[in-house]
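# Coordinate inspection notes
Below are the chains, spelled out letter by letter.
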Amino acid sequence: MTGSIFDVSDLTPVDWIASAAIVFGALMSLLAGVAVLRFPDTMSRIHAATKPQVLGIMLLMLGVGLRLQSPAVIGVLVLIVVLQFVTAPVSAHLTVRAAYRHSVDDRVDDREDDAVAIEESAALAPRRRGENEGEGPGSGR
Amino acid sequence: MTLTAFIAGTMFGIGALLAAIRLVKGPTQIDRSVALDVLLAILVGVIVLTAAVSASSITLVIAVVVSLLGFLGSASLAKLLPRDRR
């Protein structure tokens, strides 16, 4: 390693694949940064933000696994990938639900909106008692 | 592998910078929470890249902890953010 950083003559084919996976995983992070800054509203930003959490992490773990190639390391990498696969959709769902509730706070008539009606039927019950007679989506709770 | 680290590190840096701009600007608190999520994912990526470049697995344990912290942070922020906007 005495030459410049552009000297790639010492890479094996497996190293090439690992490098490509790592670069694509890093590209996911770059795209997420651009999208989080440029997209117009909260929902699309959340949509873009989940890309590096699943695909980016998975590609990076593939690259590191190909580079290190020891069973203990691959165990830790699989643990990280499985944890991300389990937790990323849950946290994205929670964030989207909070954003959705915030965005529809000032809607005039949201009786058609089940997600909001379930949340708010208890709070708004006195005003709507004459309209839906307790058969709304939230009456089962 | 040094060239890979250079390219990937530049991408991570630019992505983190853009997410940090959104973190400062973000009109709603949820936008800030999303930007923090992206920053934590980039942090996991940088830690993993460190492990790949140095060919040692010590820092991978930190990546496990940081990814779990990211889930805890965004889930609790979504639960506890106040309902008033801006």
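Scroll up for the structure.
Below: a short report on this structure. It should be emphasised that the depicted structure is a prediction, and the values quoted were computed from it without experimental measurement. (Residues numbered from 1 in each chain as written. Chains lettered and ligands numbered in written order. Predicted model: local features only at pLDDT ≥ 70, side-chain atom pairs only at ≥ 80, totals over all residues. Heavy atoms only, no water.)

What follows concerns the overall build of chain B. Assigned secondary structure in chain B consists of 3 helices and 0 strands. Secondary structure elements of chain B, listed N to C terminal, follow the sequence α-α-α. Taking 12 Å as the expected radius of gyration for a compact globule of 86 residues, we find that chain B reaches 15 Å, considerably beyond that expectation. Each of the three principal axes of chain B carries a C-alpha extent, and together these read 50 × 25 × 10 Å. Burial statistics for chain B: of 86 residues in total, 45% are counted as buried. Restricting to contacts in chain B with at least 6 residues of sequence separation, those with at least 24 account for 47%. A total accessible area of about 4,100 Å² is found for chain B, and carbon and sulfur atoms account for 76% of it. (Helix = DSSP H or I, 4+ residues; strand = E, 2+ residues; numbered from the N terminus. Rg over C-alpha atoms; globule rule 2.2 N^0.38 Å. Buried < 20%, exposed > 50% of the residue type's maximum accessible area, 1.4 Å probe, protein only. Contact = heavy atoms within 4.5 Å. Areas by Shrake-Rupley, 256 points an atom, 1.4 Å probe, with all protein chains shown as cover.)

Compared with an ideal rise of 1.5 Å per residue, which puts 26 residues at 38 Å, helix α2 (residues 29-54) of chain B spans 38 Å between its outermost C-alpha atoms and is within 8% of the ideal. Backbone geometry just downstream of α2 of chain B places Ala 55 of chain B in the positive-phi region, at approximately 55°. (Expected span 1.5 Å × (residues − 1).)

If you look at the biggest cluster of nonpolar residues, it comprises 39 residues, and the most contacted ones within it are Met 61 of chain A together with Phe 12, Ile 30, Val 38 and Val 48 of chain B. The dominant element in this core, judged by the number of residues it contributes, is α2 of chain B, at 11 residues. Dropping the residues within four chain positions of it, Val 48 of chain B is found in contact with Leu 60, Met 61 and Val 64 of chain A together with Leu 60 and Ala 63 of chain B. (Core = buried A, V, L, I, M, F, W, Y, C linked by side-chain atoms within 4.5 Å.)

With that settled, consider the environment of Ala 55 of chain B. By secondary structure assignment, the location of Ala 55 of chain B is in the loop between α2 and α3 (60-80). The spacing of Ala 55 of chain B and Ala 75 of chain B is 20 residues in sequence and 33 Å in space, taken between C-alpha atoms. For Ala 55 of chain B, the residues in contact, after removing those within four places along its chain, are Arg 67 and Leu 68 of chain A.

Within the element layout of this structure, Ser 91 of chain A appears in helix α3 (residues 71-103). The exposure class of Ser 91 of chain A is buried, given its relative accessible area of 3%. In this structure, Ser 91 of chain A is in contact with Asp 37, Phe 71 and Ser 74 of chain B, ignoring residues within four places of it in sequence.

Quick look at unusual backbone geometry now. Phi at Gln 69 of chain A is positive, roughly 55°, even though this residue is not glycine. Turning to its location among the elements, Gln 69 of chain A is positioned in the loop between α2 (42-68) and α3. With a phi angle near 55°, Ala 55 of chain B is a residue other than glycine that sits in the positive phi range. Residue classification places Ala 55 of chain B among the partly exposed positions, given a relative accessible area of 45%.

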